[in-house]
Amino acid sequence: MSANSNKHQVVIIGSGFGGLFAAKELADEDVEITLISKTSHHLFQPLLYQVATGILSEGDIAPTTRDILGNQSNVRVILGDVQEVDVEAKTVRSESLNQHTITHYDSLIVAAGAGQSYFGNNHFARYAPGMKSIDDALELRGRIFGSFELAETSLDPEQRRRLLTFVVVGAGPTGVEMAGQIAELAQRTLADEFRQIDPSEARVILLDAAPKVLPSFGDRLSDRARKSLQDQGVEVQLNAMVTDLDQYKIDVKDSDGSHRSIETMTKVWAAGVAASPLGRMVAEQTGTEVDRAGRVHVEDDLTVSGHPEIFFVGDMINLKGYPGVAQLAIQSGRYAARQIKARLAGTTPQGAFKYRDKGSMATISKYSAVASIGKINFTGFFAWVAWLAVHLMAMVGFKNRVSTLLNWVITFVGDNRNERVSTFQQVFARTAMEDLGPSAFPNLSDPARDGDEDEGKAAS
Ligand SMILES: Cc1cc2nc3c(=O)[nH]c(=O)nc-3n(C[C@H](O)[C@H](O)[C@H](O)COP(=O)(O)OP(=O)(O)OC[C@H]3O[C@@H](n4cnc5c(N)ncnc54)[C@H](O)[C@@H]3O)c2cc1C
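Notes on the structure in this doc start here. (Residues numbered from 1 in each chain as written. Predicted model: local features only at pLDDT ≥ 70, side-chain atom pairs only at ≥ 80, totals over all residues.)

Focus on the site of the ligand
Taken together, 32 residues sit near the ligand, with Gly-14, Gly-16, Gly-18, Gly-113 and Gly-314 positioned nearest. For the shell around the ligand, the domains that each give at least three residues are domain 1 (8-38 + 80-116 + 274-345) and domain 2 (122-271). (Near = placed C-beta within 6 Å. Domains from an automatic or database assignment.)

A closer look at the pairing of strand β5 (residues 91-96)
When strand β4 (residues 81-86) meets β5, the two strands line up antiparallel, connected through five bridges. Paired with Asp-81 across the two strands is Glu-95, which belongs to β5. Connecting β4 to the next strand, β5, in antiparallel fashion are four residues, including Lys-90 with a positive phi near 55 degrees. Inspection of the sheet shows β5 paired to strand β6 (residues 99-104) by six bridges, in the antiparallel sense. Within the sheet, the bridge partner assigned to Val-92 lies in β6 and is Thr-103. Remark: two residues form the turn of the hairpin made by β5 and β6, two consecutive strands paired antiparallel; Leu-97 in that turn has positive phi of roughly 50 degrees. (Pairing = 2+ DSSP bridges. Helix = DSSP H or I, 4+ residues; strand = E, 2+ residues; numbered from the N terminus.)

Digging into the sheet that holds strand β9 (residues 165-169)
Hydrogen bonds along the backbone pair up the strands of a sheet, which may run parallel or antiparallel. Strand order across the open sheet formed by four strands is β11-β10-β9-β15, with parallel pairing between neighbours. Only two strands of the sheet have a single neighbouring strand rather than two, namely β11 (234-237) and β15 (266-269). When strand polarity is set aside, the average angle formed by the axes of neighbouring strands in this sheet is 20 degrees. With five bridges joining them, β9 and strand β10 (residues 203-207) adopt parallel strand pairing. By the bridge assignment for β10, Thr-165 is matched with Arg-203. Strands in contact with helix α8 (residues 219-231) are β10 and β11; relative to β11, the strand with the most contacts, it is inclined by about 140 degrees. (Axes fitted to C-alpha atoms, helices over the stretch in contact; angles between N-to-C directions. Contact = placed C-beta atoms within 7 Å.)

Observations concerning the environment of Ser-360
Looking at the secondary structure, you find Ser-360 in strand β19 (residues 360-365). Residue class for Ser-360 comes out partly exposed when judged on the 17 C-beta atoms lying within 10 Å of it. With 144 residues separating them in the primary sequence, Ser-360 and Ser-216 have C-alpha atoms 9.0 Å apart. (Buried ≥ 20, exposed ≤ 12 C-beta atoms within 10 Å, placed from the backbone.)

A look at helix α12 (residues 398-413)
Taking 1.5 Å per residue as the helical rise, α12 with its 16 residues ought to reach 22 Å, and the 22 Å between its terminal C-alpha atoms agrees with that figure. Turning to α12, its buried residues number three or more, namely Asn-400, Thr-404, Asn-407 and Thr-411. Each buried residue of α12 lies within a common arc of 65 degrees when the element is viewed along its axis, so the set occupies one face. Set apart from the buried face of α12 by more than 90 degrees, the exposed residues are Phe-398, Lys-399, Val-402, Val-409 and Val-413. Against α3 (58-61) and α11 (381-394) lie the buried residues of α12. (Expected span 1.5 Å × (residues − 1). Arc of directions from axis to C-beta.)

Section: the pairing of strand β18 (residues 307-312)
Here three bridges tie strand β7 (residues 107-110) to β18, and the two strands are oriented parallel to one another. Residue pairing in the sheet places Val-110 in a bridge with Phe-312 of β18. Here strand β17 (residues 303-304) runs beside β18; their pairing, made up of two bridges, is antiparallel. Note on β18: the bridge partner recorded for Val-304 is His-307. The antiparallel pairing of β17 with β18 creates a hairpin that spans two residues between the two strands, and Gly-306 there sits at a positive phi of about 80 degrees.

This is how it looks when you write it as structure tokens:
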């Protein structure tokens with residue numbers, strides 16, 4: 001692909017569901033696509049919790065974008081964190097370490113997704129990692145398995161209790177799945193492996209300020225999920241709001257106004273999302289509104305007012321109350337690409353974007369899940385089998401499906417987990433990098449050889 005071609009330039013930010021499916025939809029078009037993402041992989045977020053709990057490897061759920069799009073000759077994939085969109089100049093500025101790239105666009109699809117929100121308490125992140133990225137999942141894996149290891153050698157009963165208490169904050173699908181899997185690890189997988197501790201005595205607590213688990217699934221499935229979790233030994237604490245946390249504990253306020261602390265070393269934050277700040281950045285330049293979570297109030301055709309060349313898709317949009325789920329990202333990514341195709345072909349663009357709800361599912365433990373598809377709600381073993389099938393089919397890449405299936409057989413037929421590598425570096429690298437700041441990273445430009453390191457490089 002030539003950087004100076006006269007072809008229509010489509011820039012896509014993000015290699016998640018929205019970005020990837022938009023790029024694929026344009027496969028046969030005579031356009032040049034630049035897909036910029038801050039990760040070199042496409043991440044299947046719904047299975048992150050299985051990486052965190054040793055069922056799957058990170059490679060199973062995160063094939064490289066370059067590989068997925070390798071045969072699509074009109075796409076160029078570049079690694080870069082987009083820091084700036086200049087709406088007037090129609091350029092996107094991305095960075096990778098200290099190297100920056102400016103890319104021009106004729107059409108822009110912003111599919112940068114959402115990150116974790118700590119509701120203004122960003123200091124919680126230090127001791128309560130979220131569940132949004134491969135780094136998060138590996139850090140949590142290290143924290144979870146590491147806690148059992150440290151408890152085995154601890155001589156202090158208080159410390160041992162703290163190490164064997166796991167608190168998951170947020171009783172949506174991610175929190176429910178995480179809590180269920182940690183309980184299963186403690187009760188089954190690790191049950192016979194330690195000599196000084198009994199892993200099955202571990203406490204797994206699922207906390208939420210709301211009165212229900214899985215509130216979006218309706219009362220019947222919500223009650224069913226709570227009961228299944230409790231049967232598995234998970235302590236479900238609802239109407240319980242986290243007020244503070246540190247390395248050793250988490251402070252909670254209950255609905256009667258009383259305060260208490262739970263001593264725990266391992267905390268998982270699965271509550272709250274905040275859309276990528278790129279939404280607010282573009283909104284400020286175009287006079288568009290964003291909601292409290294930073295999602296953009298897009299027009300019915302997913303563009304922003306007065307800028308038909310800029311589309312937002314997936315987790316970044318606020319439109320008609322549509323949920324932040326994979327299907328919304330896939331459908332909106334495809335829709336944006338089809339709008340571009342129609343305009344270039346001079347045909348009538350499609351009508352307003354409409355999301356088709358294909359249902360929701362969450363697993364609770366081995367052989368147990370809840371599913372809601374249209375008016376049909378079902379639970380238990382059949383819901384669990386449906387969950388496996390739907391997720392396997394939704395994964396991108398044949399090799400990933402095969403390796404995932406193999407790991408599932410190992411985990412669900414036996415009680416083993418194949419992916420239990422955990423290292424100190426997984427656990428502490430994030431905070432060490434934060435503490436070190438820019439000095440943690442190499443400078444790609446050697447000032448002695450390359451002159452001014454800030455000059456950067458323009459791509460097109
Ligand atoms: C733990 C978890 C479990 C989930 N479970 C389910 C489920 O069971 N079912 C379901 O339907 N949905 C589920 N979801 C939600 C679903 O994964 C999201 O709705 C979907 O991934 C959104 O797709 P997206 O393309 O909008 O964003 P994402 O998939 O988040 O992709 C965003 C992309 O943008 C890139 N990016 C971000 N910022 C920048 C930047 N500044 N510069 C360059 N690139 C950037 C990221 O690297 C990423 O590639 C889950 C989400 C999580 C976190």
